[in-house]
Amino acid sequence: MSELRDRREKLFALMKENSAAVIFAGAAKISTADEFYPFISNRNFFYLSNIEQENSILLLIKGIGEKKVYLFVDEYNELKEKWTGKRLTFEKAGKIADIQNVYATSSFENMLSMALAFTNNQYGNISTLYLDLTPELKIKEAYSTTNFKDFIALEYPHVNVEDIYPHFKMLRMVKSECEVRELVEAINATYSGISHMLVKMTPGMTEYNLADIFEFYGREHGRHELAFSTIIACGKNATCLHYPYEQQNDPILENRMVQFDLGYKHNGYCADISRAYPVSGKFDNLQRDIYTAVLNCNKAVINYIKPGLTLLDLQNFAKEFLRNECIRLKLMDKDDDIGKYYYHNVSHHLGLDTHDISDREKPLENGNVITVEPGLYFANHGIGVRIEDDVLIRDGHGECLSHNIPKEIEDIERLLQSKERY
Ligand SMILES: [Mn+2]
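Residues numbered from 1 in each chain as written. Predicted model: local features only at pLDDT ≥ 70, side-chain atom pairs only at ≥ 80, totals over all residues. Heavy atoms only, no water.

Enquirer: Break down the coordination of the manganese ion for me, with residues and values.
Expert: Protein coordination of the manganese ion is provided by Asp272 (OD), His348 (NE2), Glu373 (OE) and Glu388 (OE), with donor distances spanning 2.1 to 2.4 Å. Mapping the donors of the manganese ion onto the primary sequence yields the spacing D-x75-H-x24-E-x14-E. With glutamate 373 in the loop between strand S16 (369-372) and strand S17 (375-378) and glutamate 388 in the loop between strand S18 (383-386) and strand S19 (389-394), this residue pair connects regions lying 15 residues apart in the sequence. The pair formed by glutamate 373 and glutamate 388 is uniform in burial state, with each residue classed as buried. (Donors = N, O, S within 2.8 Å, 3.2 Å for Na, K, Ca; no water. Helix = DSSP H or I, 4+ residues; strand = E, 2+ residues; numbered from the N terminus. Buried < 20%, exposed > 50% of the residue type's maximum accessible area, 1.4 Å probe, protein only.)

This is the structure in structure tokens:
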């Protein structure tokens, strides 16, 4: 069975008998006047279809003894194509999604009514309709999530609406081999981008120059989109966790560390990598101490990972580990100060979203992919260090997918000192 069919089968298995599900790709949102934000399909829709086109809809029907999948995409519109470019043909859309029944979006409501309006119809008696009830999700030009739900209540009062979002959480938290391969591709491409950026890095450059180099390289090599806005932060700026591109105007100074937190996407799957390197190519004593504390913690958490633990268990472990490291290295005035120097979570799930949808309370299991990203941030010393790897849980332990990207002190110093300077 193909990957997409397999995902849809897994969703069917979670749906009740005599139910249907409607999942919208969504509509582009207006940013101002007649400008739109870049469009990206609802990730739950994409997960089942690989279709990245607005106004597309999936209808899944689990009737008595049969399961049906319908895909709806906009019909060909000559004038629209002249303005905004090519759209998927029904044939192409069906091929991408591996779905035989492809119809025009304009016929969606009729099809829905065929499934819902009558009892004992060709599908049986559909009594439950699943919708993605993520708040404020804009799903179709005419609807928001809530008014589509109202529309169903009005038109089909015998149909009970349920939220399908929790089912997607369960499915998307466990990655297939195919998804793991996509993530590895994204991570390897990100590593290439990092290597290229480091070769080009010279003291005196501006933070945004490095971000631009990383982003341009990704577009040139595989047209990779960004998993999230690139963070390049020198010195004290690294103490701001999501230091924004618009503020990345400070110079990369030789005696400072540069922190980067970045990632490309590959076929929709996101890499999320952080490293902190000394700009000079050599760690000074304080940089080395702080870096070593974070590196030890990063490795200890990866070793600690096993099925059954929760993300909170990892966080508590990381926090205690960092606290002990800071005491050992005399980096804190008071032993209980760790919250001042480490103020985020150590892990999140990773996949089609950088902060992938997940149940953070659910114990880890094989097939999960999570980040491990401890950090220490000393504004008083002008040093922030976060070391982030992407880790697959496989065969009962954590397998680091980003292990190639240098993080040992000797490897970093060798790399930075040997690189060709431009
Ligand atoms: Mn992260």
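Right, picking up where we left off after that structure.
Enquirer: So what about the environment of glutamate 399? Which residues, and what values?
Expert: Within the secondary structure, glutamate 399 sits in strand S20 (residues 397-400). When its relative accessible area of 27% is taken as the criterion, glutamate 399 is described as partly exposed. Along the primary structure glutamate 399 and isoleucine 302 are separated by 97 residues, whereas in three dimensions their C-alpha atoms are 7.7 Å apart. Those residues in contact with glutamate 399, other than ones at most four positions away along the chain, are Asp390, Val391, Leu392 and Arg394. A polar atom in the side chain of glutamate 399 sits 3.1 Å from the side chain of arginine 394. (Contact = heavy atoms within 4.5 Å. Polar contact = N/O pair within 3.5 Å; in protein donor to acceptor, adjacent residues only side chain to side chain.)

Enquirer: Let's hear about the layout of surface pockets: which residues, and what values?
Expert: Empty pockets left among the atoms are what a rolling probe the size of a water molecule brings to light. The computed volume of the largest pocket comes to approximately 790 Å³. Elements that contribute at least two residues to the lining of the largest pocket include exactly helix H1 (3-14), helix H2 (43-49), helix H8 (177-200), strand S13 (265-266) and strand S14 (269-270). In terms of residues, the lining of the largest pocket owes the most to one element, H1, which gives three residues. (1 Å grid on protein atoms, 1.4 Å probe; cavity = no way out; pocket = protein on both sides within 12 Å on 5 of 7 lines; lining within 4 Å. Points joined across faces, edges and corners; volume = space filled by probe spheres on them.)

Enquirer: Could you give an account of the state of the cysteines, naming the residues involved and the relevant values?
Expert: All told, the structure shown has zero disulfides when counted by the stated rule. Cysteine 297 forms no disulfide, and the closest cysteine sulfur to it belongs to cysteine 326, at a distance of 9.6 Å. (Disulfide = S-S within 2.5 Å.)

Enquirer: Lay out the sheet that holds strand S15 (residues 273-278) in plain terms, naming residues and giving numbers.
Expert: Neighbouring strands of a sheet are bound in pairs by backbone hydrogen bonds; such pairs are parallel or else antiparallel. Taken together, the three strands give an open sheet; going across it, the order is S11-S12-S15, and neighbouring strands pair in antiparallel fashion. The open sheet has two edge strands with one neighbour each: strand S11 (231-234) and S15. If you compare each strand with its neighbour and ignore which way they point, the axes differ by 10° on average. The pairing of strand S12 (residues 257-262) with S15 spans six bridges and is classified as antiparallel. Pairing of valine 258 across the sheet is with tyrosine 277, part of S15. Contacts from helix H9 (residues 207-220) reach S11 and S12 within the one sheet, and its direction differs from that of S11 by about 150°. (Pairing = 2+ DSSP bridges. Axes fitted to C-alpha atoms, helices over the stretch in contact; angles between N-to-C directions.)

Enquirer: Residue-level account of the side chain of aspartate 356, with values.
Expert: When you line up the elements, aspartate 356 lands in the loop between helix H12 (338-341) and S16. The class for aspartate 356 is buried, based on a relative accessible area of 5%. At a separation of 2.9 Å, a polar atom in the side chain of aspartate 356 contacts the side chain of arginine 172. Setting aside residues no more than four positions away along its own chain, aspartate 356 makes contact with Arg172, Lys175, His349, Leu350 and Gly351.

Enquirer: Can you explain the packing of aromatic side chains? Please cite residues and give values.
Expert: Between two aromatic rings, the relevant description is the distance of the centres plus the angle of the planes. Under the defined criterion, the tally for this structure stands at 14 aromatic pairs. Ring centres of phenylalanine 24 and phenylalanine 108 lie 5.9 Å apart, and the angle between their planes is 75°; this geometry places the pair in the edge-to-face category. Residue phenylalanine 24 is found in strand S1 (residues 19-24), and its partner phenylalanine 108 is found in helix H5 (residues 108-116); the two are separated by 84 residues along the sequence. With a centroid separation of 4.1 Å and 10° between ring planes, the pair formed by tyrosine 304 and phenylalanine 317 is classed as stacked. Placement of tyrosine 304 in helix H10 (residues 285-304) and of phenylalanine 317 in helix H11 (residues 311-328) is noted, with a sequence separation of 13 residues between them. Residue phenylalanine 317 is classed as partly exposed on the basis of its relative accessible area, which comes to 24%. Within the aromatic cluster, the residues linked to one another by ring pairs are Phe24, Tyr70, Phe72, Tyr103, Phe108, Phe148 and Phe151. Directly above the aromatic system of phenylalanine 46 lies the positively charged group of arginine 43, at a separation of 4.5 Å from the ring centroid. (Phe/Tyr/Trp six-rings, centres within 6.5 Å; stacked < 30°, edge-to-face > 60°. Lys NZ or Arg CZ within 6 Å of the ring centre and 35° of its normal.)

Enquirer: Explain the nonpolar core to me, and be specific about the residues and the numbers.
Expert: Core analysis: the biggest nonpolar cluster contains 101 residues, and Leu71 and Leu376 have the highest contact counts within it. When residues of this core are assigned to domains, at least three map to each of domain 1 (3-172) and domain 2 (174-418). (Core = buried A, V, L, I, M, F, W, Y, C linked by side-chain atoms within 4.5 Å. Domains from an automatic or database assignment.)

Enquirer: Please provide a residue-by-residue account of the sheet that holds S20, values included.
Expert: Pairing within the open sheet is antiparallel, and its three strands lie in the order S16-S19-S20. Because the sheet does not close on itself, it has two edges, and the strands there are S16 and S20. For this sheet, the mean angle separating the axes of adjacent strands, direction not counted, is 40°. In terms of strand pairing, S16 meets S19 through four bridges, oriented antiparallel. Looking across to S19, one finds that valine 372 is bridged to aspartate 389.

Enquirer: A description of the side chain of glutamate 182 should follow, citing residues and the corresponding values.
Expert: Within the secondary structure layout, glutamate 182 lies in helix H8. The charged side chain of glutamate 182 is buried without a salt bridge, its nearest counter-charge being arginine 7 at 6.6 Å. With sequence-adjacent residues up to four places away left out, glutamate 182 is seen in contact with His266, Asn267 and Tyr269. (Lys, Arg positive; Asp, Glu negative; His and termini not counted. Salt bridge = Lys/Arg side-chain N within 4 Å of Asp/Glu carboxyl O.)

Enquirer: Any details on H5? Residues and values, ideally.
Expert: For H5, the full list of buried residues reads Phe108, Met111, Leu112, Ala115 and Leu116. Buried residues of H5, seen end-on, are gathered within an arc of 125° and therefore sit on one face of the element. (Arc of directions from axis to C-beta.)

Enquirer: Please provide a residue-by-residue account of the pairing of strand S5 (residues 67-73), values included.
Expert: For S5, a buried count of five out of seven residues is recorded, marking the element as mostly surrounded by other parts of the structure. By the bridge criterion, six bridges tie strand S4 (residues 57-62) to S5 in an arrangement that is antiparallel. Following the sheet pairing, leucine 60 is matched in S5 by valine 69. Pairing of S5 with strand S6 (residues 101-104) involves four bridges; the strand directions are parallel. Counted as the bridge partner of phenylalanine 72 is tyrosine 103 from S6.

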